[in-house]
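Chain by chain, the residues run as shown.
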Amino acid sequence: MSDGTPRPKVLILGGGFGGIGAARKLRKAPVDVMLVDRHDYHTFQPLLYQVATDTLDPETVGHPIRELVHGQDNLDFAQATISDIDLDARTVSFQDWEPQTYDYLVIGLGALAHFFGTPGAEEHSFPLYTLPHAIRLKEHLLRRFEAAAKDPSLADDGQLDVVIVGGGPTGVETAGALSELFHAVFPGDYPSLDLSAVRITLVEHGDRLLAMFDEGISEYTADTLRERQVTVRLGEKVAEIADDHVTLGSGETIRAGTTVWGAGLQPNPLATTLGVELVRGRVPVTEHLHLAHHPEVFVVGDLALTTDSVTGEVLPQLGSVALQAGEHVGVTIDRMERKHKDPHPFHYVDKGTMATIGRKAAVAVVPPHHITLTGRAAWAMWGAVHLALLTGGDSRMAALSNWFWSFTTHDRPSRVLIHPDDED
Ligand SMILES: Cc1cc2nc3c(=O)[nH]c(=O)nc-3n(C[C@H](O)[C@H](O)[C@H](O)COP(=O)(O)OP(=O)(O)OC[C@H]3O[C@@H](n4cnc5c(N)ncnc54)[C@H](O)[C@@H]3O)c2cc1C
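Chemist: Even after reading the chapter, I still don't get the overall build of the chain, so can you show me in this structure?
Modeler: Looking only at helices and strands, the chain features 12 helices and 26 strands. When the backbone C-alpha atoms are referred to their principal axes, the chain occupies close to 70 × 55 × 40 Å. Of all 424 residues assigned to the chain, the portion counted as buried reaches 43%. Contacts spanning at least 24 positions in sequence make up 65% of the contacts within the chain whose residues lie at least 6 apart.

In C-alpha cells, the structure reads:
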C-alpha cells in the first residue's frame, strides 16, 4: 500500500494475456498500477470456439478482471474505452473517462479480425476473436437450426451449411467442433432434419492446413477432418461472401447460411496513434519490449512485433508469447524501480505448440526436441495444458465438468438461447 509519497504510475492498457501478465508481476513493485480495459472481463481466446459450438458457457472463457487482481494493493482497475494515446504529453484519453497520465505505459490492446478487403466479409461472416463474436455465432447457428426444424426446406437450400475461411488453428478447431455438434449432438435434438446432408467446408488459401507445423501434421489434420465429414478445400481464395453463399476465386460458389472468418489479424487501430511505422502490421519494439524512442512505453502481445533476443526470430501472435512478454515488462519495471537494476532482454520460452481437431484428435510439437504428437496423446496434452492455462480456478472446474460431460455423453451442455430482452 502506498505511504502517501508519490510513486511512479504504471498505466496498463488492455486486460488480455499481455496486460494481466504485466499487472501480476508488478505486485511487489513500488509503483501505482492502473489497469484499463473496455470490458470487465479477461477473454481466454483459445477456447472461444467452444463457446460458439456450445461446449462452454461464456463465463468460463471470460473471467472477471477484478478477481484476477484481487489482493493486489498497488493496483486499481477501470472499465473504460481508450480513444487516444499521446506519447509526448504522456497522456491517454478515453471515450468514457477522464484522461490519465503515466510514468510507464504498457500497451497490450491486441488485434482485430482482418478481412483483407474481401467483399461482403465484414457484413456477412462471423469472426471469432472476442466473446461477443463467439456468442453471436452460437446464437446464429442455433437460430438456423430452430428455423429449419420448422421449415426443413431451409436445410435443402443449404441454409445449415457452414463455410469456414482460414485453415489455421481457429479454422481447424472450429471445423472439428462443428462437425461433432452437427453429426453427434444435433441429430438427437432435431430428429426431423436429415443432418447427414449438411456440409461443413474449410477453405484455405495456402496449400496446407496448420502451416506453422510440418507437412506430416498438416496431412494428418486434413485427413482427420475429412474422416469427420468436413470438406477441405486447399489453394482456394474466398473472393466474396454473401448471406447465403461464398464465392471462390475460381468463380465457384458454395452455399452457406453461416460463414466463419478465421483468416487473419490486423493491429488495434490505436497503434496508429503511436506515430511508429508498423512492420508486418505490428508495432516494432526493442529487445526490452519498449518503443525505440520511448523507453517508458512498452508494447506487448498481438500488437507488438516481438523479436526473441536469443534466437533473433520474430515471435508468433500467441497467448503464451503475450503472457510471457507482459510478465517480462512487469519484471523489468520492478527491477528498475525496486531493485534499481538494468532490465534483461526478452527471451521467449517455448512450452509447445498445439491445436485440437476434435474428440481424441489433436496435434502438438513439444520442445526441446520438437517431438511431434498426434491423436489421443496430443489431445490429452491439449486438454491438460488448456485447463492449466485457463484463468481462474472456477473456470477450470467449469471447463473440466463440461468437457467430461460432453466426452461421456456426446452432449453439449450450453446450447440454449437466453436474451435479457426476451419476453418473460
Ligand atoms: C480463436 C482464437 C484461438 C486462439 N488459440 C490460441 C492457442 O491455442 N494458443 C495460443 O497461445 N494462442 C492462441 N490464440 C492467440 C491468443 O489468444 C492471442 O495471441 C492473445 O490473446 C493476445 O494477447 P494480447 O494481450 O496481446 O491481446 P488480447 O488478449 O486480445 O487482449 C487485448 C485487450 O485489450 C482490450 N482492448 C482493445 N481495445 C481497447 C480499447 N480501445 N479500449 C479498452 N480496451 C481495449 C480488449 O478488450 C482485450 O481485453 C488464439 C486466438 C484466437 C482469436
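From this point, the narrative continues.
Chemist: What is the right way to look at the domain arrangement of the chain in this model?
Modeler: Accessible area lost when the parts come together is the quantity often used to give the size of an interface. Entries for the chain in the domain assignment read domain 1 (9-38 + 80-113 + 266-337) and domain 2 (121-263 + 352-409). Taken over C-alpha atoms, the centre of domain 1 sits 32 Å from the centre of domain 2.

Chemist: Is there a simple way to think about the nonpolar core in this case?
Modeler: Buried together is how nonpolar side chains tend to be arranged in soluble globular proteins. Ranked by size, the top nonpolar core spans 68 residues in total, and within it Leu 48, Leu 128, Ala 362 and Val 363 carry the most contacts. With eight residues, the single largest contributor to this core is helix 8 (residues 169-189). Ignoring anything within four residues of it in the chain, the contact list for Leu 128 reads Leu 48, Tyr 49, Ala 52, His 133, Ala 134, Leu 137, Thr 170, Thr 174, Val 260 and Gly 262. Within the second largest apolar cluster, 47 residues are counted, among which are Val 10, Ile 12, Leu 35 and Val 36.

Chemist: Looking at this model, I keep getting lost on the site of the ligand. Mind explaining?
Modeler: Surveying the vicinity of the ligand reveals 33 residues, the closest of which are Gly 14, Gly 16, Gln 45, Gly 110 and Gly 301. Among the elements of the structure, helix 1 (17-25), helix 2 (48-52), helix 8 and helix 10 (319-337) are those that each provide at least two residues to the shell around the ligand. Each residue belonging to the shell around the ligand can be placed in one class, and the counts come to 13 nonpolar, 17 polar and three charged. The residue makeup of the shell around the ligand includes at least three contributed by each of domain 1 (9-38 + 80-113 + 266-337) and domain 2 (121-263 + 352-409).

Chemist: I keep staring at the environment of Pro 127 and nothing clicks. Help me out?
Modeler: Position of Pro 127 relative to the elements: it lies in strand 11 (residues 125-127). Placed 15 residues apart in sequence, Pro 127 and Leu 112 show a C-alpha to C-alpha distance of 9.3 Å. When residues no more than four places from it in sequence are discounted, the contact partners of Pro 127 are Ala 113, His 133 and Trp 261.

Chemist: Help me out: how do you make sense of the packing of helix 1 against helix 10 in this one?
Modeler: Helices that pack against each other are described as a pair by the angle of their axes relative to one another and the distance between those axes. For the pair helix 1 and helix 10, interaxial distance at closest approach is 7 Å and the crossing angle is 30°. Here helix 10 runs roughly parallel to helix 1, going by the angle between their axes. Regarding helix 1 and helix 10, the two cross each other, and that crossing is right-handed. Contacts between helix 1 and helix 10 involve Phe 17, Gly 18, Gly 19, Ile 20, Gly 21, Ala 22, Ala 23, Arg 24 and Lys 25 on the former and, on the latter, Gly 319, Ala 322, Leu 323, Gln 324, Ala 325, Gly 326, Glu 327, Val 329, Gly 330, Val 331 and Asp 334. Per-class residue counts for the contact of helix 1 with helix 10 are nine nonpolar, seven polar and four charged.

Chemist: Would you explain helix 11 (residues 376-389) in this entry?
Modeler: For the α-helix, the turn length of 3.6 residues means that residues three or four positions removed from each other point alike. Taking 1.5 Å of rise per residue, the 14 residues of helix 11 would be expected to cover 20 Å, and the 20 Å separating its terminal C-alpha atoms lies within 8% of that figure. Of the positions making up helix 11, those classed as buried are Ala 378, Trp 379 and Trp 382. The arc that holds every buried residue of helix 11, seen down its axis, measures 100°, which confines them to one face. Those residues of helix 11 that are exposed and angled more than 90 degrees off the buried face are Arg 376, Ala 384 and Ala 388. Turning to helix 11, the residues buried within the fold contact strand 24 (353-358), strand 25 (361-366) and strand 26 (371-374).

Chemist: Please explain the sheet that holds strand 7 (residues 91-94) as it appears in this structure.
Modeler: Strand-to-strand pairing in sheets goes through backbone hydrogen bonds, with the strands running parallel or antiparallel. What the three strands build is an open sheet, ordered 6-7-8; its pairing is antiparallel. Of all the strands in the sheet, the pair left with one neighbour each is strand 6 (82-86) and strand 8 (100-101). Pairing of strand 7 with strand 8, which is carried by two bridges, proceeds in the antiparallel orientation. Bridged to Thr 91 within strand 8 is Thr 101.

Chemist: Hey, could you run me through the environment of Val 365 in this one?
Modeler: Within the secondary structure layout, Val 365 lies in strand 25. Linking Val 365 and Ala 355, residues 10 residues apart in sequence, is a C-alpha distance of 9.6 Å. Setting aside residues up to four positions removed in sequence, Val 365 forms contacts with Phe 213, Gly 352, Thr 353, His 370 and Thr 372.

Chemist: Please explain the sheet that holds strand 22 (residues 294-299) as it appears in this structure.
Modeler: Spatially, 5-2-1-9-22-21 is the arrangement adopted by the six strands of the open sheet, whose pairing is mixed. What marks the edges here is a single partner per strand, and that holds for strand 5 (75-79) and strand 21 (290-291). Contacting strand 1 (9-13), strand 2 (32-37), strand 5 and strand 9 (104-107), helix 1 crosses the sheet at an angle of about 155° to strand 1.

What counts as what
- Residues numbered from 1 in each chain as written.
- Predicted model: local features only at pLDDT ≥ 70, side-chain atom pairs only at ≥ 80, totals over all residues.
- Helix = DSSP H or I, 4+ residues; strand = E, 2+ residues; numbered from the N terminus.
- Buried ≥ 20, exposed ≤ 12 C-beta atoms within 10 Å, placed from the backbone.
- Contact = placed C-beta atoms within 7 Å.
- Domains from an automatic or database assignment.
- Core = buried A, V, L, I, M, F, W, Y, C linked by C-beta atoms within 7 Å.
- Near = placed C-beta within 6 Å.
- Nonpolar A, V, L, I, M, F, W, Y, C, P; charged D, E, K, R; others polar.
- Axes fitted to C-alpha atoms, helices over the stretch in contact; angles between N-to-C directions.
- Parallel < 35°, antiparallel > 145°, perpendicular 65-115°, else oblique.
- Left-handed = near helix turned anticlockwise from the far one by under 90°.
- Expected span 1.5 Å × (residues − 1).
- Arc of directions from axis to C-beta.
- Pairing = 2+ DSSP bridges.

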